[in-house]
Amino acid sequence: MTLVLPKDLRSYSFERLTGVELNDFDVDRFLPVLFEMVVTNGRRLSRSDARPTDPGSYIETLAGHPALRGFDDEHGRALLEQWVNTTVVRLGHGGRGRRDVQLAAVQPIHIGAYRAGLPVEGARHRKVHLVVYRLLTDALARRGRPNPAGELRSLFLEAFGRGVSISDSAVPEFNEATADLDANVLLSLYYLEGFTPGRPLPARSALDWDPVMPGVMITLGDQLVDFVTVYRHRLPTIALARHLAALVNIGLFTTTLRLFTLVNDLCRGEGTPADLSVDLAPAQTEIYVDFTRQTGGDSDRLAGECVDRDLERLPAYLDDMLLLKTLDRYASNEAKLKPHVQGKHGPDWLRALVDMRRDQYVEWRAGIELERIIEETKKITRCSNEDARAELTRAATGDSQLDQVVAAIRQSQTKHAIRAAGQWFWNTGGMRKQAGLLRGNLRGRRAWRYAMTDELLTTLLLSALVDPEQGDVLPRMRLADLLTTLESRWGLLIDRPPAARDDASSRAVANTNLVAFTGRLRQMGFFTDLSDDFNAQYVINPLAGAGAGAGARR
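Because the structure is a prediction, the values reported are computed rather than measured.

### Points about the overall build of the protein chain
Working step 1: When helices and strands are counted, the protein chain shows 17 helices and 13 strands.
Working step 2: Taking 2.2 N^0.38 as the reference for a compact globule, 554 residues should give roughly 24 Å; the C-alpha atoms of the protein chain span a radius of gyration of 26 Å, in line with that estimate.
Working step 3: Overall, the C-alpha framework of the protein chain stretches about 75 × 60 × 50 Å when taken along its three principal axes.
Working step 4: Taken across its 554 residues, the protein chain has 54% of its residues classed as buried.
Working step 5: Here the contacts in the protein chain between residues at least 6 apart in sequence split such that 71% fall between residues at least 24 apart.
Working step 6: When the accessible surface of the protein chain is split by element, carbon and sulfur atoms take 47% of a total near 24500 Å².

Below, the structure is given as structure tokens:
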């Protein structure tokens, strides 16, 4: 028999803690909605009338565009369809057996990609767009910008809006004044003219979320703003969007792993960092990344062990999350418990929730919920009162009534929660992305390991080679400093093993990995060594001389 929860308890998402919903997420589908928020100053547009299940109709409309020639016969339309499907849109599958081809998203190769309103299901964004938009505007506000939303709009239009004009009603169109526009961007703009744009909606209320790790989130927001600011004149729009997506994705992934560690330590009474308003350096995640590319080798196994370790944290985190969610519900609904959290935000709110466990009214409130769970179980399963209470006793791991409530919720929700969090893990880890940190296949987690692709490595190198104080690129950086930056920002280890595996054998493996890493950098054109001395080995920025001068200063 399974315990049945009242409807208001059937949730495994706690967005006030995470800011986002830990579930299936696609960063490429996310970027267009971020562009939309930036253009509308956070307002969003009404629901699109797009017909994802009828992709052929949009090809027909595009083929008849007055600016296109040579696509009006069978072969021309076949060529046009292939061109659109490979560069302008992403296709997915739906219907019975997922056999029907449909439009999944528009490729975010320019700021007007939001016009189609795809994907139609806004829930697929998991509120990441709200969090990232907040981080970006907060970053500009900290820099003393009087109108952060307007400044962000201007920055993104300059970076991603080449060839695009935005009307007063937020409709993006080709401005017909940019002669040297990339052909794929131009084709995308013509294609999007076949969609009826949504209308701007009234301003929405501010995001009700304060990060429990404000220092980490501040750093992520600054990284994103600095990257767009510095490289907006040095990279083509398509490349800049691709790097931004990769930077968002790995930021979400590593931040989630940091949150797992923080919540686990806090709920088990092992303490928290003294000041969460500053970044946690080192990042405490210790993600060992294999660069040897030797499947089954020692370095590959060490990277796989780190993946196993992080996956094993998922059930413990979900238990702690359900505890915190339950305590937050009590604090919101019970007048005698509200003073514990009233006026508290971020890390202070989180600590207050944990301390609230000692209040006697928590047990009283939990007792009421236990009776509700028992009554609902009896009603749905038609079992006896004794059977329902016996099942509750079997599910509980502790003696308190609060432990029993959390155990009941866990029994009902853990399967769905672990599946959803697992999808978040491999999606933000970039398993099926060109810019990915996590490698393997979805058929078996035993083969998963941290092995960075060249595309993601390029993104991280370009991000590290930024001087935030000057708002410009760094022409070079000592290799030792780069390794420190990778560890402090993203928790990535290359030249040393995690502390739990710090022995002579693992250190030798890491030394071999470092040699493979520098070899990879040399092949990619990012590395130079003036001598065998480690201090004379540098990572160089191939874009240091590109662009029209330095970006805007902080």
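### Considering the pattern of salt bridges
Working step 1: The full count for this structure, using the stated rule, is 42 salt bridges.
Working step 2: In this structure, R143 and D222 form a salt bridge, with 3.3 Å as the shortest nitrogen-oxygen distance. With R143 in the loop between α5 (128-142) and α6 (148-160) and D222 in helix α8 (residues 214-231), this pair connects stretches of sequence that are 79 residues apart.
Working step 3: Residue classification places R143 among the buried positions, given a relative accessible area of 17%.
Working step 4: We note a salt bridge from R329 to E369, for which the minimum N-O separation is 2.9 Å.

### Examining the sheet that holds strand β13 (residues 537-540)
Working step 1: On the basis of which strands lie adjacent, the open sheet formed by three strands has the order β10-β13-β12 and antiparallel pairing. Since the sheet does not close on itself, it has two edges, and those belong to β10 (476-478) and β12 (527-529), each with one partner. Between one strand and the next, the sheet's axes are offset by a mean angle of 30°, whatever the strand orientation.
Working step 2: Bridge count for β12 against β13 is three bridges, and the pairing is antiparallel. By the bridge assignment for β13, D529 is matched with Q537.
Working step 3: Taken strand by strand, helix α16 (residues 479-490) contacts β10, β12 and β13, and its axis lies near 85° from that of β10.

### Focus: the nonpolar core
Working step 1: Ranked by size, the top nonpolar core spans 178 residues in total, and within it L17, F156, Y191, Y231, Y450 and F517 carry the most contacts.
Working step 2: If one sorts the elements of this core by residue count, helix α9 (residues 237-267) sits on top with 18 residues.

### Observations concerning the pairing of strand β7 (residues 444-450)
Working step 1: Taken together, the three bridges between strand β6 (residues 438-441) and β7 define a ladder with antiparallel strand orientation. By the bridge assignment for β7, R439 is matched with R449.
Working step 2: Adjacent in sequence and paired antiparallel, β6 and β7 are bridged by two residues.

### Quick look at helix α17 (residues 504-524)
Working step 1: Taking 1.5 Å of rise per residue, the 21 residues of α17 would be expected to cover 30 Å, and the 31 Å separating its terminal C-alpha atoms lies within 8% of that figure.
Working step 2: Here the buried face of α17 lies against β5 (287-288), α10 (298-333), α15 (454-464), α16, β12 and β13.
Working step 3: Note on α17: the residue one or two positions beyond its end, G525, has a positive phi of about 80°.

### Observations concerning the packing of α16 against α17
Working step 1: Packing of α16 against α17 brings their axes to within 13 Å, and their N-to-C directions diverge by 105°. Considered as vectors, α16 and α17 are oriented roughly perpendicular to each other. In this structure, α16 uses L479, L482, L483 and L486 to contact α17, whose residues at the interface are L514, F517, T518 and L521.
Working step 2: Class assignment for the residues of the contact of α16 with α17 results in seven nonpolar, one polar and no charged.

### Examining the side chain of E391
Working step 1: Along the polypeptide, E391 turns up in helix α13 (residues 385-395).
Working step 2: For E391, a relative accessible area of 8% puts it in the buried group.
Working step 3: In terms of polar contacts, E391 uses its side chain to reach the side chain of Q411, at 2.8 Å.
Working step 4: With sequence-adjacent residues up to four places away left out, E391 is seen in contact with M1, L3 and Q411.

### Some remarks on α10
Residues lying three or four places apart along an α-helix face the same way, a consequence of the helix completing one turn every 3.6 residues.
Working step 1: Spanning 36 residues, α10 covers 53 Å between terminal C-alpha atoms, matching the ideal 52 Å at 1.5 Å per step.
Working step 2: Taking the largest bend as the criterion, α10 deviates by roughly 30°, centred on P315.

### Considerations on the confidence of the model for the protein chain
Atomic detail in the predicted coordinates should be set aside for any region of low pLDDT.
Working step 1: Considering every residue of the protein chain, the mean pLDDT works out to 91; 95% of them sit at 70 or more.
Working step 2: Residue range residues 548-554 is modelled with pLDDT below 50. Its contacts to residues more than four positions away, or to other chains, number 21 contacts.

### Topic: the environment of V20
Working step 1: Among the structural elements, V20 can be located in the loop between α1 (15-18) and α2 (27-39).
Working step 2: On a C-alpha basis, the gap between V20 and R126 in space is 5.7 Å, while along the polypeptide they are 106 residues apart.
Working step 3: Non-local contacts of V20, meaning those with residues more than four positions away in its chain, are made with E15, R126, K127, V128, V131 and W424.

### Section: the packing of aromatic side chains
When we look at a pair of aromatic rings, we describe it by the centre distance and by the angle of the planes.
Working step 1: Tallying each qualifying case throughout the model produces 17 aromatic pairs.
Working step 2: One aromatic cluster is present, built from ring pairs that chain together F253, F425, W448 and Y450.
Working step 3: Above the plane of the ring of Y538 lies R476, whose end atom (NZ or CZ) is 3.9 Å from the centre.

What counts, and where the lines are drawn
All residue numbers refer to position in the chain's written sequence, counted from 1. pLDDT decides what is reported in this predicted model: residues at 70 or higher carry local features, side-chain atom pairs at 80 or more are listed and counted, and totals for whole chains, interfaces and linings draw on all residues regardless. To obtain the side-chain values, all non-hydrogen atoms of the structure were included, while hydrogens and water were left out. Secondary structure elements are taken from DSSP: a helix is a run of H or I of four residues or more, a strand is a run of E of two residues or more, and numbering for both begins at the N terminus. Using C-alpha atoms as the atom set, the radius of gyration is obtained and then compared with a globule rule of 2.2 Å times the number of residues to the power 0.38. Accessible area is worked out with a 1.4 Å probe on protein chains only. A residue is then buried under 20% of its type maximum, exposed over 50%, and partly exposed in between. Whether two residues are in contact is decided by their heavy atoms, any of which lying within 4.5 Å being enough. Note on areas: Shrake-Rupley, 1.4 Å probe, and residue coverage restricted to the protein chains presented here. Each salt bridge in this description consists of a side-chain nitrogen of Lys or Arg and a carboxyl oxygen of Asp or Glu lying within 4 Å of one another. Whether two strands pair comes down to DSSP finding at least two bridges between them. Axis lines are fitted to C-alpha atoms, over the contacting stretch for helices. Their N-to-C directions set the angle, which ranges from 0 to 180 degrees. We call a set of buried Ala, Val, Leu, Ile, Met, Phe, Trp, Tyr and Cys residues a nonpolar core when their side-chain atoms join them within 4.5 Å. Expected span of a helix, by definition, is 1.5 Å for each gap between consecutive residues, and there is one gap fewer than residues. In these notes the angle categories are as follows: under 35 degrees is roughly parallel, over 145 is roughly antiparallel, 65 to 115 is roughly perpendicular, and the rest is oblique. Three classes are used, and their members are as follows: Ala, Val, Leu, Ile, Met, Phe, Trp, Tyr, Cys and Pro are nonpolar, Asp, Glu, Lys and Arg are charged, and the others, Gly among them, are polar. Polar contact is the term for a pair of N or O atoms within 3.5 Å; when the atoms are in protein, one must be able to donate a hydrogen and the other to accept it, and sequence-neighboring residues count only if both atoms are side-chain atoms. For a residue, the bend is simply the angle between two axes, fitted respectively to the seven-residue segment ending there and the seven-residue segment starting there. pLDDT expresses how confident the predictor is about each individual residue, on a scale running from 0 to 100. Pairing of aromatic rings covers Phe, Tyr and Trp, the last through its six-membered ring, and needs centres within 6.5 Å; plane angles under 30 degrees mean stacked, over 60 mean edge-to-face, and all others mean tilted. Should the NZ of a Lys or the CZ of an Arg lie within 6 Å of a ring centre and within 35 degrees of the ring normal, that charge is described as sitting over the ring.

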